[in-house]
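# A structural walkthrough
Chain residues, written in single-letter form:
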Amino acid sequence: MRGGAGGIQLFSMRFLLLFSRQGKLRLQKWFTALSDRDKKKIIRDVMQMVLVRPPKSCNFLQWRDLKIVYRRYASLYFCCGLEQGDNELITLELLHRYVELLDQYFGNVCELDIIFNFEKAYFILDEFIIGGEVQETSKASVAKSMEEADSLQETMEEYLNKPTY
């Protein structure tokens, strides 16, 4: 644990990846600056390690100087890269909270929801985690932000589609 400006910081993610059982990347969020080449290598290596693991295996892996924490929901793997001192169990809880937020918004989220509404999946993630640190744990607050964003989007679409005379 490290101290943060707003209290106790429990962890700091380096990255979050969502990928399918077929090895298709569906979402990626990087919380540290890396080159595209390094990102591609990390994605490839982490996917290969996670996808070959038996279903009953532990959800924690050691890779280079990072801990990899992952969890499978239906056809998607949610995977985080953490620093050595970070808490794996809290990370599993945070992955679960993200899935709950996606479920709440999409109504039993599936891979196609992420594919066709990736901007919403990123928006939900950004309302929940910023810079690799949890910003909002309340599902109600994130849901309210999503409602407000959707309402604003609908208002803008109505305005733009209104004929001008």
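Rules behind the numbers
- Residues numbered from 1 in each chain as written.
- Predicted model: local features only at pLDDT ≥ 70, side-chain atom pairs only at ≥ 80, totals over all residues.
- Heavy atoms only, no water.
- UniProt positions renumbered as here; feature names shortened; annotations may be inferred.
- pLDDT = per-residue confidence, 0-100.
- Contact = heavy atoms within 4.5 Å.
- Helix = DSSP H or I, 4+ residues; strand = E, 2+ residues; numbered from the N terminus.
- Expected span 1.5 Å × (residues − 1).
- Polar contact = N/O pair within 3.5 Å; in protein donor to acceptor, adjacent residues only side chain to side chain.
- Pairing = 2+ DSSP bridges.
- Axes fitted to C-alpha atoms, helices over the stretch in contact; angles between N-to-C directions.
- Patch = residues over 30% accessible without salt bridge, like charges linked within 9 Å, V, L, I, M, F, W, Y side chains within 5 Å.
- Areas by Shrake-Rupley, 256 points an atom, 1.4 Å probe, with all protein chains shown as cover.
- Salt bridge = Lys/Arg side-chain N within 4 Å of Asp/Glu carboxyl O.

The name an unreviewed UniProt entry gives the chain is AP complex subunit sigma, with Cyprinus carpio carpio as the organism. Quoted straight from UniProt, the Subunit (unreviewed entry) entry for the chain says "Adaptor protein complex 1 (AP-1) is a heterotetramer composed of two large adaptins (gamma-type subunit AP1G1 and beta-type subunit AP1B1), a medium adaptin (mu-type subunit AP1M1 or AP1M2) and a small adaptin (sigma-type subunit AP1S1 or AP1S2 or AP1S3)."

## Some remarks on the confidence of the model for the chain
On average, the chain scores 86 in pLDDT, and the residues at 70 or more come to 93%. Long-range and interchain partners of residues 1-8, a stretch whose pLDDT sits below 50, account for 12 contacts in this model, where long-range means more than four residues apart.

## A look at the UniProt feature "domain: AP complex mu/sigma subunit" (unreviewed entry) in the chain
UniProt records the feature "domain: AP complex mu/sigma subunit" (unreviewed entry) for residues 13-152 in the present numbering. Regarding residues 13-152, the helix share stands at 47% and the strand share at 26%, and the terminal C-alpha atoms are separated by 30 Å.

## What about helix H2 (residues 88-106)?
With 19 residues, H2 should cover 27 Å at 1.5 Å per step; its first-to-last C-alpha distance of 27 Å lies within 8% of that length. Residue Asn87 occupies the N-cap position of H2, its side-chain oxygen lying 2.8 Å from the main-chain nitrogen of Leu89. Trailing H2 by a residue or two, Gly107 shows a phi angle of about 75 degrees, which is positive.

## Here we look at the sheet that holds strand E6 (residues 66-73)
One open sheet accounts for five strands, arranged E4-E3-E7-E6-E5; its pairing is antiparallel. Looking at the sheet topology across the chains shown, the edges are occupied by strand E4 (25-30) and strand E5 (60-63). Direction aside, neighbouring strands of the sheet carry axes that sit 20 degrees apart on average. Of the pairings in the sheet, the one linking strand E3 (residues 13-20) to strand E7 (residues 76-82) comprises seven bridges and is antiparallel in character. The residue bridging Phe15 from the neighbouring strand is Gly81, located in E7. Packing of H2 onto the sheet brings it into contact with E3, E4, E5, E6 and E7, and relative to E6 it is tilted by some 35 degrees. Of the strands in this sheet, E3 and E4 touch helix H4 (residues 118-128), which is tilted by about 30 degrees from E4.

## Let's talk about a nonpolar patch on the surface
A cluster of nonpolar side chains, contributed by Leu152, Met156, Tyr159 and Leu160, occupies part of the molecular surface with about 480 Å² of accessible area. Within the secondary structure, Tyr159 is located in helix H5 (residues 139-161).

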